[in-house]
Amino acid sequence: MTDVDNGVLHTLFHSDQGGHEQVVLCQDRASGLKAVIAIHNTALGPALGGTRFYPYASEAEAVADALNLARGMSYKNAMAGLDHGGGKAVIIGDPERDKTEELLLAYGRFVASLGGRYVTACDVGTYVADMDVVARECRWTTGRSPEHGGAGDSSVLTAFGVFQGMRASARHLWGDPSLRGRRVGVAGVGKVGHHLVDHLRDEGAEVVVTDVREESVRRILDKHPAGVSAVADTEALIRVEGLDIYAPCALGGALDDETVPVLTAQVVCGAANNQLAHPGVEKDLADRGILYAPDYVVNAGGVIQVADELHGFDFERCRAKAAKIFDTTLAIFARAKDDGIPPAAAADRIAEQRMHEAASRNR
């Protein structure tokens, strides 16, 4: 067994990052499916989390990613107030080359074999159309199209939740939730980011954007000819003078040892997952006096939406739940102040407390 394999097993059974209830390795040779389904915690209810389709360098790397992502979903779902635990699945392969209807159907059969312990949805490399296929074999599938009983694109409520997190950050730091006149930098104006810009402009904020895709930036500038400007890249964005809020809405790891020291914003609040590149970055932010709104709290609008599909989707009901991200974010900041810890640590404590209390009731 390789050192990487030993590392994965140590994570699963011995480290603080482990403690998962179940890990399922799935293979269907006829379709080429190789997948990992990780269930971290079901104290609050069935595990809920998306399916990632990605060309991992090794099976061990795929398992490690599934473990990490599933654990993160436990915390996200707990802080979103959902009656769901955390789970995640990864399919090993290049979605552009390897994704077929047969493979997705085979994957759906594996999810169905868990009998509802894991509810799946979209993630990197999978889309609404894919979930429609998976649902043909598995009723525990969300993120489907409206034509197939689902809610469709979840980016609308994800952006709305991030906007609420920004308003809560403004209330905590400046005493007023209004973002009018604030300067906000948005890195990544794709599915979620362009909706976030709409909210910010409606509020009267000045927005600076960047994206690796020139067409995405052009779409924003065409839609908002006033009040929005663009810079070349993220390196330039984080250095913009007078920036009040920085919103990472693209890839993870946006906050690291290189970016935090030069960041001009007083608040970080964005839609990207796993924004902290490594443990300790949250303290670096706090030491610089930068308020960090934990990513898995403020970007929970999407998971709130897909969870609602299980009960017959109602957009206004979901929007009301996503609006509570404002109060949840304020509660995290208050807990952080009371305990003398960064907001990321405070969010973890609140989530862990909810899971612990639920587990105690279930015993």
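Above this text you will find the structure in question.
Just so we're clear, the structure is a prediction, and the values are computed from it rather than from any experiment.

Visitor: Break down the sheet that holds strand 9 (residues 228–230) for me, with residues and values.
Guide: Within the open sheet, the 6 strands sit side by side as 9-8-7-10-11-12. Their pairing is parallel. The open sheet terminates on both sides in strands that have one partner only, identified here as strand 9 and strand 12 (291–292).

Visitor: For the environment of E21, give the residues involved together with the corresponding values.
Guide: Assignment of secondary structure puts E21 in the loop between helix 1 (3–13) and strand 1 (22–28). E21 gets classed as partly exposed once you look at its relative accessible area, which sits at 38%. Spatially, the C-alpha atom of E21 lies 5.8 Å from that of I39, the residues being 18 residues apart in sequence. When near neighbours in sequence (up to four residues on either side) are disregarded, E21 contacts I39, H40, N41, T42, A43 and R117. A distance of 2.7 Å separates a polar atom in the side chain of E21 from the backbone nitrogen of T42. Of the polar contacts made by the side chain of E21, one reaches the side chain of R117; its length is 3.2 Å.

Visitor: Describe the packing of aromatic side chains, naming the residues involved and giving the relevant values.
Guide: Scanning all chains against the criterion turns up 2 aromatic pairs. Relative to Y296, the ring of Y75 lies with its centre 6.2 Å away and its plane at 75°, an arrangement referred to as edge-to-face. Of this pair, Y75 sits in helix 2 (residues 59–79) while Y296 sits in helix 11 (residues 295–298), and the two are 221 residues apart along the sequence. With a relative accessible area of 7%, Y75 lands in the buried category. Under the relative-accessibility criterion, Y296 is labelled buried at 13%. Sitting above the plane of the W174 ring, R182 keeps its charged end 3.8 Å from the centroid.

Visitor: With reference to specific residues and values, describe the pairing of strand 8 (residues 206–210).
Guide: Of all 5 residues making up strand 8, 4 are buried, and the element is well covered by its neighbours. Pairing between strand 8 and strand 9: 3 bridges, direction parallel. Its bridge partner being in strand 9, V208 is matched across the sheet by S229. Once you follow strand 8 into helix 8 (residues 214–223) and on to strand 9, the crossover reads as right-handed.

Visitor: Give a detailed account of helix 15 (residues 343–362), specifying residues and quantitative values.
Guide: Given a rise of 1.5 Å per residue, 20 residues ought to cover 28 Å, and the 29 Å separating the end C-alpha atoms of helix 15 matches this to within 8%. P343, A344, A346, A347, A351, M355 and A358 are the residues of helix 15 that are buried. Turning to helix 15, the residues buried within the fold contact strand 2 (33–41), helix 2, helix 10 (281–287), strand 12, helix 11 and helix 14 (325–339).

Calculation notes
Residues numbered from 1 in each chain as written. Predicted model: local features only at pLDDT ≥ 70, side-chain atom pairs only at ≥ 80, totals over all residues. Heavy atoms only, no water. Pairing = 2+ DSSP bridges. Helix = DSSP H or I, 4+ residues; strand = E, 2+ residues; numbered from the N terminus. Buried < 20%, exposed > 50% of the residue type's maximum accessible area, 1.4 Å probe, protein only. Contact = heavy atoms within 4.5 Å. Polar contact = N/O pair within 3.5 Å; in protein donor to acceptor, adjacent residues only side chain to side chain. Phe/Tyr/Trp six-rings, centres within 6.5 Å; stacked < 30°, edge-to-face > 60°. Lys NZ or Arg CZ within 6 Å of the ring centre and 35° of its normal. Right-handed = clockwise from strand over helix to strand, strands pointing away. Expected span 1.5 Å × (residues − 1).

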